[in-house]
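Listed below are the residues making up each chain.
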Amino acid sequence: MTDTIVDRAATYDCRQAFADELIALAHQDDRIVAVCNDSVGSSNLVRFREQFPDRLINVGIAEQDLVGVGAGLANGGFIPVVSAAAPFLTGRALEQIKADVAYSNTHVVLCGQSPGLAYGELGPTHHSVEDLSWMRAIAGLPVVVPADPAETRSALRWAIENDGPSYLRIGRFPVPAVNPDDITFTPGRSTQLADGDDVTVIAAGTMVSRAVTAAAQLRAEGIHLRVINMATIEPLDSQAILRAARETRGVITAEEATITGGLGAAVAGLLIQHEPVPMRILGVPHVFAPTGNTAFLLEHFGLTADGIMTAARELVGRGRR
């Protein structure tokens with residue numbers, strides 16, 4: 001296994017990769033339509049509207065209708081890509097996502113834009129730290145958190161080709177590339193980005209590149225961190241998690257989401273039943289975030305390479321006592 005080299009000098013907005021890939025796929029398949037909630041700009045759908053004016057449906061600020069219209073289009077033979085700011089798509093339309101999309105098993109691609117703490121200064125009304133907990137609780141709904149543009153493109157291709165519902169969390173906060181351009185996304189399968197037999201970090205989304213950076217820096221201290229990119233929160237790659245628990249001294253999870261019910265809770269629930277090990281769950285604690293830009297908020301909650309390194313040192317120290 002060759003460790004991934006992260007170029008911290010170049011960062012990318014995954015929404016742009018989403019928009020570019022959606023346009024390319026729409027040229028190949030005229031069943032693809034975009035549905036949004038007065039969010040053409042924030043969903044990066046301006047060029048899609050220019051190229052496919054008859055295939056963009058803007059329902060206005062009405063998220064329940066947004067999901068219902070998407071389900072109706074799917075039942076009519078279309079492939080709707082339902083795109084909206086993550087806090088409003090998942091919070092306001094949760095019942096429709098459960099009943100009209102997941103329970104009905106309709107081929108609707110739900111795209112939560114600018115999730116986590118991406119809206120920064122707009123505060124807790126616009127932060128989407130609960131979406132992983134809400135979406136993961138719904139049966140039959142894959143929950144996907146791409147780590148970079150290449151994985152975003154591949155995950156969108158899979159979601160459009162997959163005959164069923166899905167929720168994709170499309171990040172806004174700039175991230176470096178951590179995957180090869182030709183990555184093939186497979187639901188329920190993680191990727192290992194760094195080798196290590198001391199501690200495992202299981203990360204998703206914006207936290208993946210930070211975990212890779214932490215692994216590189218900890219090597220100077222003789223601590224070898226295994227980094228797993230868990231792009232699918234539901235279903236989990238259980239085999240990779242259990243193997244990591246057996247082969248390393250402890251597990252850290254890192255997510256730009258609340259620790260109540262998301263990636264950390266999913267991993268902990270698996271390990272406590274099958275392979276209990278010391279754990280640290282990094283994320284937003286059970287609080288509303290203060291006002292500030294995204295970089296400040298990630299720092300505030302310790303969602304940084306330094307935060308991961310501190311947790312790894314604690315687990316290594318515990319294992320040596």
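Up top is the structure.
Residues numbered from 1 in each chain as written. Predicted model: local features only at pLDDT ≥ 70, side-chain atom pairs only at ≥ 80, totals over all residues. Heavy atoms only, no water.

1. Brief notes about empty space enclosed by the protein
Definition in use: Buried and open spaces are told apart on a 1 Å grid over the protein atoms alone, a cavity being a set of points where a 1.4 Å probe fits but cannot get out and a pocket being an open set with protein on both sides within 12 Å along at least five of seven lines. Residues with an atom within 4 Å of a point are the lining residues. Grid points are joined across faces, edges and corners, and a volume is the space filled by probe spheres set on the points. Only runs of H or I of at least four residues qualify as helices and only runs of E of at least two qualify as strands under DSSP, and these elements are numbered from the N terminus. Ten residue types, Ala, Val, Leu, Ile, Met, Phe, Trp, Tyr, Cys and Pro, are classed as nonpolar, four, Asp, Glu, Lys and Arg, as charged, and the remainder, Gly among them, as polar.
Under the criterion given, the structure shown has one cavity of 30 Å³ or more. Size it by volume and the largest cavity reaches roughly 160 Å³. In terms of lining, the largest cavity is formed by 18 residues, of which the most central are Val145, Gly171, Gly205, Thr206 and Glu256. The set of elements that each furnish at least two residues to the lining of the largest cavity consists of strand S6 (166-170) and strand S11 (251-258). Residues belonging to the lining of the largest cavity are distributed by class as follows: 11 nonpolar, three polar and four charged.

2. Side note on the side chain of Asn37
Heads up, the rule is: Pairing of N or O atoms within 3.5 Å defines a polar contact, subject to two protein rules: one partner must be a possible hydrogen donor and the other a possible acceptor, and residues neighboring in sequence count only if both atoms are side-chain atoms. The contact criterion used is simple: two residues touch if any of their non-hydrogen atoms lie within 4.5 Å.
Position of Asn37 among the secondary structure elements: in the loop between strand S1 (32-36) and helix H2 (46-51). At 2.8 Å, the side chain of Asn37 and the side chain of Ser39 are in polar contact. A distance of 2.6 Å separates a polar atom in the side chain of Asn37 from a polar atom in the side chain of Glu63. With near-sequence residues (within four places) excluded, Asn37 lies in contact with Asn58, Val59, Gly60, Ile61, Glu63, Leu66, Ser83 and Ala84.

3. Structural notes on the packing of helix H1 (residues 14-28) against helix H7 (residues 149-161)
When two helices pack together, their arrangement is given by the angle between their axes and by how far apart the axes lie. To keep it simple, the criterion reads: For helices, the axis comes from a line fit to the C-alpha atoms of the stretch in contact; other axes are also lines fit to C-alpha atoms, and the angle between any two N-to-C directions lies between 0 and 180 degrees. For classification purposes, an angle smaller than 35 degrees is called roughly parallel, one larger than 145 roughly antiparallel, one from 65 to 115 roughly perpendicular, and anything else oblique. Two helices crossing with the near one rotated counterclockwise from the far one by less than a right angle form a left-handed crossing, whereas a clockwise rotation gives a right-handed crossing.
At a closest axis distance of 8 Å, the pairing of H1 and H7 adopts a crossing angle of 40°. In terms of axis orientation, H1 runs oblique to H7. Every pair of crossing elements has a handedness; the one defined by H1 and H7 is right-handed. Of H7, the residues touching H1 (which contributes Cys14, Ala17, Phe18, Glu21, Leu22 and Leu25) are Pro149, Thr152, Arg153, Leu156, Arg157 and Ile160. Class assignment for the residues of the contact of H1 with H7 results in eight nonpolar, one polar and three charged.

4. What to know about the pairing of strand S8 (residues 199-203)
Worth spelling out the cut-off: Partly exposed describes any residue whose relative accessible area lies between the buried limit of under 20% and the exposed limit of over 50%, with all areas from a 1.4 Å probe on protein chains only and scaled to the type maximum. Should DSSP find at least two bridges between two strands, the strands are taken to pair.
In terms of burial, S8 is largely enclosed, as five of its five residues are buried. Of the two faces of S8, the one lined by Val199, Val201 and Ala203 and the one lined by Thr200 and Ile202 are each fully buried. Bridge count between S8 and strand S9 (residues 225-229): five bridges; the pairing is parallel. Paired with Ala203 across the strands is Asn229, a residue of S9.

5. Regarding the sheet that holds S9
The strand order S7-S9-S8-S11-S12 describes an open sheet built from five strands, whose pairing is mixed. The open sheet has two edge strands with one neighbour each: strand S7 (191-194) and strand S12 (279-284). The sheet shows a mean angle of 25° between the axes of neighbouring strands, taken without regard to direction. Contacts from helix H8 (residues 207-218) reach S7, S8, S9 and S11 within the one sheet, and its direction differs from that of S9 by about 165°. Contacts between helix H10 (residues 263-274) and the sheet are confined to S8, S11 and S12, with S11 contributing the most and set at about 145° to the helix.

6. Overview of H8
Selection rule: Under the convention used throughout, the expected extent of a helix is 1.5 Å for every residue step, that is, one less than its residue count.
The first and last C-alpha atoms of H8 sit 16 Å apart over 12 residues, in line with the 16 Å expected at 1.5 Å per residue. Here H8 lies mainly inside the structure; 10 of its 12 residues are buried. Along H8, the positions that sit buried rather than exposed are Met207, Val208, Ser209, Arg210, Ala211, Val212, Thr213, Ala214, Ala215 and Leu218.

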